[in-house]
Amino acid sequence: MTILVTGGAGYIGSHFVRYLERKKIEFVIVDNFSTGHKKFVKNKKFFELDLKDPEEIRVNLQDLDITSIVHFAGLSIVSDSQKMEKEYYENNVLASMNLAKFAVEKKIRKFIYSSSAAVYGIPKEIPIKENHPTKPINNYGKNKLEVENLLKDLSMEFPLDVVCLRYFNAAGADDDGDLGEEHNPETHLIPNVINSALNSSEFTVNGDTYNTDDGTCIRDFIHVNDLASAHLLSLSFLDSNKGFHVFNLGSETGFSIMEVINECQELLQTKVNFRVGTKRDGDPDILIADNKKSVNKLNWRLEKNSLKAIISSAIKYHKNVL
Ligand SMILES: NC(=O)c1ccc[n+]([C@@H]2O[C@H](COP(=O)([O-])OP(=O)(O)OC[C@H]3O[C@@H](n4cnc5c(N)ncnc54)[C@H](O)[C@@H]3O)[C@@H](O)[C@H]2O)c1
């Protein structure tokens, strides 16, 4: 069994690859290194290719004995998706279509897709269940939903079985301290707060007028290693479940931005110098997953389900590498 891992040089993909290595499962990575890192694929089997080009996919991958695909590759900065609509559509939707067509042609039956809580838009109910209406409010979320729908259509027409995993906020880093979150620019909360604390730079909180106890928005953080395990469980799930499936990957616990800042201050024993900026348009007050479907049907168990575990692992990476 060889798993094709797209985006394996990125943050979540590289942690999934590490998980496969520990389980001694064969894999091959593809990445165009647009946001990923060569150091994350060092000494691993990888192809540098762009999924936007179907010919590159075919030429490089057609002779490999691939049994399943785990598709992480994509661009994921929400504000960029608003400014660069065409680029995001091509990179996230058309490239995914190329990959799915390749899967159908090669009769690769199992396909796991990195979707996002962004497909839900403004939640009507918290925690958010998988059957919550999907009304994305930005192009990034629309792209994710378009790919989900495409995969659903293909799974009805062809022998392609699909799991779409809707991640909430991926965070943290591997315990070995050599893999972690390193985006440029970094738009994610925890690495930015750590960075501000360690470099004494100013951190901007995006608004304190949300409808929450301390006025900052509440998000559901899920450790990247717990995300990794869910992907392998999803592949096993498809052994006995055909067709198209969606699962939330979140912790069912929400933390406000201020709670994250306080935990970082406590763990680092340093003050975070922050100022309050403007609230982002359309940003929901609270996003928390209902994860019961994943827990019950995938047998998913969260092993690093505390804010302290998540932030301390991120700090370890930050201090080691950045
Ligand atoms: N990080 C999160 O909190 C989060 C939340 C929800 C969903 N997601 C989704 O999970 C996936 C992985 O996220 P991440 O944080 O690891 O992102 P990342 O940017 O760190 O990794 C994405 C990887 O895909 C590669 N890539 C992008 N476009 C490509 C293309 N056309 N061809 C080949 N390779 C390409 C990049 O070089 C990079 O290595 C993305 O699809 C993202 O939208 C992430």
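This one's a predicted model, so the numbers in the text were calculated from it and none came from an experiment. (Residues numbered from 1 in each chain as written. Predicted model: local features only at pLDDT ≥ 70, side-chain atom pairs only at ≥ 80, totals over all residues.)

## Some words on the overall build of the chain
Turning to step 1, where the next piece is worked out: In terms of helices and strands, the chain carries 10 helices and 13 strands.
Turning to step 2, where the next piece is worked out: For 322 residues, the compact-globule estimate of 2.2 N^0.38 gives 20 Å, and the C-alpha radius of gyration of the chain, at 19 Å, lies within 12% of that figure.
Turning to step 3, where the next piece is worked out: For the chain, the C-alpha atoms occupy an extent of roughly 55 × 45 × 40 Å along the three principal directions.
Turning to step 4, where the next piece is worked out: Out of the 322 residues in the chain, the part that is buried amounts to 47%. (Helix = DSSP H or I, 4+ residues; strand = E, 2+ residues; numbered from the N terminus. Rg over C-alpha atoms; globule rule 2.2 N^0.38 Å. Buried ≥ 20, exposed ≤ 12 C-beta atoms within 10 Å, placed from the backbone.)

## Regarding the site of the ligand
Turning to step 1, where the next piece is worked out: In the region of the ligand, 30 residues are neighbours, and G7, G10, G36, G74 and A170 sit closest.
Turning to step 2, where the next piece is worked out: Broken down by element, the shell around the ligand gets its largest block of residues, three residues, from helix α1 (residues 11–23).
Turning to step 3, where the next piece is worked out: A breakdown of the residues in the shell around the ligand according to their chemical character gives 12 nonpolar, 15 polar and three charged. (Near = placed C-beta within 6 Å. Nonpolar A, V, L, I, M, F, W, Y, C, P; charged D, E, K, R; others polar.)

## Observations regarding α1
Turning to step 1, where the next piece is worked out: With 13 residues, α1 extends 19 Å between its outermost C-alpha atoms, agreeing within 8% with the 18 Å of an ideal straight helix rising 1.5 Å per residue.
Turning to step 2, where the next piece is worked out: Contact partners of the buried residues in α1: β1 (2–6), β2 (26–31), β4 (66–71), β5 (110–116), β7 (169–171) and α7 (224–240).
Turning to step 3, where the next piece is worked out: One or two positions beyond α1, positive phi appears at K24, with a value near 60°. (Expected span 1.5 Å × (residues − 1). Contact = placed C-beta atoms within 7 Å.)

## Some details on the domain arrangement of the chain
Turning to step 1, where the next piece is worked out: Looking at the chain, the domain boundaries give domain 1 (2–170 + 223–249) and domain 2 (173–219 + 252–290 + 303–321).
Turning to step 2, where the next piece is worked out: On a C-alpha basis, the centres of domain 1 and domain 2 stand 25 Å from each other.
Turning to step 3, where the next piece is worked out: Between domain 1 and domain 2, the contact holds 23 residues from the first and 20 residues from the second.
Turning to step 4, where the next piece is worked out: Every element with two or more residues in the side of domain 1 that touches domain 2 is listed here: α1 and α7.
Turning to step 5, where the next piece is worked out: By residue number, the principal contributor to the side of domain 1 that touches domain 2 is α1, which donates four residues.
Turning to step 6, where the next piece is worked out: Residues belonging to the side of domain 1 that touches domain 2 are distributed by class as follows: 12 nonpolar, eight polar and three charged. (Domains from an automatic or database assignment.)

## What about the sheet that holds β1?
Turning to step 1, where the next piece is worked out: If you trace the seven strands from one edge of the open sheet to the other, you get β3-β2-β1-β4-β5-β6-β11, paired in parallel fashion. In this open sheet, the two strands that pair with only one neighbour each are β3 (46–48) and β11 (244–249). Put simply, the sheet's adjacent strands are angled 20° from each other on average, direction ignored.
Turning to step 2, where the next piece is worked out: In this sheet, β11 lies alongside strand β6 (residues 161–167) in parallel orientation, the contact comprising six bridges. (Pairing = 2+ DSSP bridges. Axes fitted to C-alpha atoms, helices over the stretch in contact; angles between N-to-C directions.)

## Observations concerning helix α8 (residues 257–268)
Turning to step 1, where the next piece is worked out: With 12 residues, α8 should cover 16 Å at 1.5 Å per step; its first-to-last C-alpha distance of 16 Å lies within 8% of that length.
Turning to step 2, where the next piece is worked out: Within α8 the residues assigned to the buried category are I257, V260, I261 and C264. Projected down its long axis, α8 shows its buried positions confined to an angular sector of 100°, all on one face.
Turning to step 3, where the next piece is worked out: Of the surrounding secondary structure, the elements contacted by the buried residues of α8 are α6 (189–199), β8 (203–205), β12 (255–256), β13 (274–276) and α10 (307–321).
Turning to step 4, where the next piece is worked out: Where α8 terminates, the next one or two residues include Q269, which has phi positive at roughly 55°. (Arc of directions from axis to C-beta.)

## Remarks on the pairing of β5
Turning to step 1, where the next piece is worked out: Most of β5 sits out of view: seven of its seven residues are buried.
Turning to step 2, where the next piece is worked out: By the alternation rule, side chains of β5 split into K110, I112, S114 and S116 and F111, Y113 and S115, which are all buried.
Turning to step 3, where the next piece is worked out: Where β4 meets β5, four bridges bridge the pair, whose relative direction is parallel. Of the residues in β5, the one forming a bridge with S68 is K110.
Turning to step 4, where the next piece is worked out: Pairing of β5 with β6, which is carried by seven bridges, proceeds in the parallel orientation. Looking at β6, one finds that S116 is bridged to Y167.

## What about the environment of N273?
Turning to step 1, where the next piece is worked out: Structurally, N273 can be placed in the loop between α8 and β13.
Turning to step 2, where the next piece is worked out: Given 12 C-beta atoms within 10 Å, N273 falls into the exposed group.
Turning to step 3, where the next piece is worked out: Considering only alpha carbons, one finds N273 and E202, 71 residues apart in sequence, at a separation of 5.1 Å.
Turning to step 4, where the next piece is worked out: Not counting chain neighbours up to four residues away, the residues in contact with N273 comprise S196, S200, E202 and F203.

## Observations concerning the packing of helix α4 (residues 85–105) against helix α5 (residues 139–157)
Turning to step 1, where the next piece is worked out: The contact between α4 and α5 brings their axes to 10 Å, and the two run at 20°. By the angle class used here, α4 and α5 are roughly parallel. Crossing geometry of α4 relative to α5 is assigned as right-handed. Of α5, the residues touching α4 (which contributes E85, Y88, Y89, N92, V93, S96, M97, A100 and V104) are N139, Y140, N143, E146, V147, L150, L151 and L154.
Turning to step 2, where the next piece is worked out: A breakdown of the residues in the contact of α4 with α5 according to their chemical character gives 11 nonpolar, four polar and two charged. (Parallel < 35°, antiparallel > 145°, perpendicular 65-115°, else oblique. Left-handed = near helix turned anticlockwise from the far one by under 90°.)

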